[in-house]
Amino acid sequence: MSAQSKKNIKWVEGLRGITSALVISTHLARALDFPLFWPADEKDGPPRLLQIPYLRIPWQGRLGVPIFAFLTGFVCAAKPLKLAYQQGNHSASLKTVARSAFRRPPRLVLPAVIATLISFVLSILGAYTASNRCDSFWVRFDAPDPLPLGANFRRLFRALLDTWTTTENVYDRHQWAMRPLLIGAFQVYIVLAATIGMRFRYRVLVHVLLVAYWLLNTGPLTETFGANLALGTLLAELSQHRPTQNFIAKYQRLLSYVIVPILLLIGGYVGSYPHEHEDWAPWSLRLHKFLVDPAGDGSRGSFIVPRGSNAGRRTSAFMIQCVAVSIFLSPGLQNLLSHRLLLWLGHHSFAVYLTHGTILRTLGMWIVYGISGQPWVDPGRNEDGSPKEPNWLHPKSRGHKLASIVIFTAVTYVAAWAWMKWVDTACARATQWLEKKVFDDDEGAEGGKDGLAEKGYANGGPSREHAQPLLNGGEARVPPP
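Conventions adopted
Think of each chain on its own: its residues are numbered from 1, step by step along the sequence as written. Restriction of local features to residues with pLDDT of at least 70 applies here, the model being predicted, together with a cutoff of 80 or more for giving and counting side-chain atom pairs; totals for whole chains, interfaces and linings are based on all residues. To get the side-chain values, all heavy atoms of the structure are used, and hydrogens and water are removed first. Secondary structure elements are taken from DSSP: a helix is a run of H or I of four residues or more, a strand is a run of E of two residues or more, and numbering for both begins at the N terminus. For the exposure calls, accessible area comes from a 1.4 Å probe over protein chains only, and a residue counts as buried if that area is under 20% of its type's maximum, exposed if over 50%, partly exposed in between. It only takes one pair of heavy atoms within 4.5 Å for two residues to be counted as in contact. In this description, accessible areas are obtained by the Shrake-Rupley approach with a 1.4 Å probe, and a residue is regarded as covered only by the protein chains that are shown. For patches, a residue must show more than 30% relative accessible area and have no salt bridge; joins then use 9 Å for like charges and 5 Å for nonpolar side chains, namely Val, Leu, Ile, Met, Phe, Trp and Tyr. Salt-bridge detection follows one rule: a side-chain nitrogen of Lys or Arg within 4 Å of a carboxyl oxygen of Asp or Glu. Here the nonpolar core consists of buried residues drawn from Ala, Val, Leu, Ile, Met, Phe, Trp, Tyr and Cys, with membership extended through side-chain atoms lying within 4.5 Å. The pairing test for Phe, Tyr and Trp rings, Trp by its six-membered ring, is centres within 6.5 Å, and the orientation test on the planes gives stacked under 30 degrees, edge-to-face over 60, and tilted for anything in between. Interaxial angle, 0 to 180 degrees, is taken between N-to-C directions of lines fitted to C-alpha atoms, where a helix line uses only the stretch in contact. Take the far helix as your reference; a near helix turned counterclockwise from it by less than a right angle gives a left-handed crossing, and one turned clockwise gives a right-handed crossing. In this classification, Asp, Glu, Lys and Arg are treated as charged, Ala, Val, Leu, Ile, Met, Phe, Trp, Tyr, Cys and Pro as nonpolar, and every other residue, Gly included, as polar. Per-residue confidence from the predictor is given as pLDDT, running between 0 and 100.

### Some thoughts on the overall build of the chain
Logical step 1: Scanning the chain from N- to C-terminus turns up 20 helices and 0 strands.
Logical step 2: Buried residues in the chain amount to 53% of all 481 residues.
Logical step 3: Counted over contacts in the chain with a minimum sequence separation of 6, partners at least 24 positions apart contribute 74%.
Logical step 4: If you sum the accessible surface of the chain, you get close to 21,600 Å²; carbon and sulfur atoms cover 64% of it.

Here it is as structure tokens:
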């Protein structure tokens, strides 16, 4: 790795921080102002400021998970490739892959189980009543329905299993991405193990072919996970390659001031493609005709959005890929993402992902609709036995919505701080204990403080009070969803 790329590796953590903020913003929009996902509130109506291209990107969703997928590919590949490049030690590189693969499941599963248990307890206590009765269909879908105690326990065990089989977790539906990210990490490990002994040009060829394969594959979420994971591995490879880094340094002005802005402008415009009702605004209808249905009869798509693929996810994945390449090419963007505020946000990103949904469905909705979920009248059933449409609760006022946004955001980051200090540290210690029990702990190539740092502890080991996870240290904190 060149000195410059090594210095600026902190951008990974900063990008995580921005991603956690994007997750919060899009879920607030879903809960409190769903029309922000559209290009306008009505067909041919004037758009609001936050509905126009570029400005709509933080609110319309579809960005957090593909960014986390890209970062998973980059981070999982970084250290094994570093060992292979700098030391030529393929054996140590494979050993790192083995240990990382072992740590990955408990570092994802243990925190996810704890988050699910917290939501389960709140469900038993009736904390989701307001969410079950509010007029936001997305919040109602996201909140677990009330059940008798015995049925709730049975549902809990199903949810703990289904998170890692069908991706369905009724207590925290935001965990749907955990299983694909775990599988994606092992996809990276397999590719590394299979290619670590190859020459550079052939390893790069493998990564490029994998990116192309996943983009040409129109199966569900192939662009979100497969292509972005492979792109992350490819850029991790190139970041270790000195000739590539020298090329970027030589043409830094051209890349930073011409190529990168063009990539960001094109990617941002394509990534503004709306969730639905693309025919409600001229700009989105043009995008639809150009990318999704060029022939006008649904007979073919485009390279960015092949026929039969999900247009929203494809356009968002394209934007993330443009952003990822731009960051890789621009030291200025890397320095910007290395700001200590973004590093702090990135350090807490996984905790934000696990806690924000539960806080939004409880405290956030209590402020907007009231804690009790009253007044409420059971709507009964129609003559054919089907349930009648209830008279859903409406927000108290616009001021209550604004208060909910501020308080929810503040409480979420306080909870994330507490989670990282106590819960995540406990999970890291449990994972380290398991690793010592399972592996023949001859530090060898991983030796001393470096080995402990790779396990997720700063300064070579946990302090007496608590272990402090590294800001940039490898595998300890895995980005979510």
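### Re a nonpolar patch on the surface
Logical step 1: The grouping of Phe247, Tyr251, Leu254, Tyr257, Val258, Ile259, Ile262 and Ile266 at the surface amounts to a nonpolar patch, some 760 Å² of accessible area in total.
Logical step 2: No other element matches helix α13 (residues 252-271), which puts 6 residues into the nonpolar patch.
Logical step 3: Position of Val258 among the secondary structure elements: in helix α13.

### Points about the nonpolar core
Logical step 1: Of all hydrophobic cores here, the largest spans 83 residues; its most connected members are Trp11, Leu15, Phe70, Met178 and Leu235.
Logical step 2: Looking at this core element by element, the count peaks at 12 residues for helix α4 (residues 64-87).
Logical step 3: Apart from the residues lying within four places of it in its own chain, the contact partners of Phe70 are Trp11, Leu15, Asn228, Leu231, Gly232, Leu235 and Ala324.
Logical step 4: Within the second largest apolar cluster, 10 residues are counted, among which are Val270, Leu291, Val292 and Ala311.

### Here we look at the packing of aromatic side chains
Centre-to-centre distance and the angle between the planes together describe a pair of aromatic rings.
Logical step 1: Inspection of every chain in the model, using the stated rule, returns 20 aromatic pairs.
Logical step 2: Between the aromatic rings of Tyr213 and Trp214, the centroid separation amounts to 4.9 Å while the plane-to-plane angle is 70°, which identifies the pairing as edge-to-face.
Logical step 3: Overall, Tyr213 belongs to the partly exposed group, its relative accessible area being 45%.
Logical step 4: For the pair Phe247 and Tyr251, a centre-to-centre distance of 4.9 Å together with 50° between the ring planes defines the contact as tilted.

### Considering the environment of Val204
Logical step 1: Note on placement: Val204 falls in helix α10 (residues 200-216).
Logical step 2: Along the primary structure Val204 and Leu235 are separated by 31 residues, whereas in three dimensions their C-alpha atoms are 9.4 Å apart.
Logical step 3: In contact with Val204, not counting residues within four places along its chain, are Leu234, Glu237 and Leu238.

### Some points on the pattern of salt bridges
Logical step 1: Scanning all chains against the criterion turns up 11 salt bridges.
Logical step 2: Residue Glu13 pairs with Arg16 through a salt bridge whose shortest N-O separation is 2.7 Å. Of this pair, Glu13 and Arg16 both sit in helix α2 (residues 11-32), 3 residues apart, which is roughly one turn of the helix.
Logical step 3: The class for Arg16 is buried, based on a relative accessible area of 4%.
Logical step 4: Between Asp424 and Arg107 there is a salt bridge whose closest N-O contact spans 3.2 Å.

### Observations regarding the packing of helix α18 (residues 349-369) against helix α19 (residues 398-438)
Logical step 1: As a packed pair, α18 and α19 sit with axes 8 Å apart at the nearest point and diverge in direction by 145°. Note on packing geometry: the crossing formed by α18 with α19 is right-handed.
Logical step 2: Looking at side-chain class alone, the contact of α18 with α19 contains 17 nonpolar, 6 polar and 1 charged residues.

### Quick notes on the confidence of the model for the chain
Logical step 1: Scored by pLDDT, the chain comes out at a mean of 90, with 90% of its residues at no less than 70.
Logical step 2: Put simply, helix α1 (residues 3-7) is where the chain has its lowest mean pLDDT, 45, and α18 is where it has its highest, 98.
Logical step 3: Note that pLDDT drops below 50 for residues 1-7; the model gives that stretch 12 contacts with residues more than four away or on any other chain.

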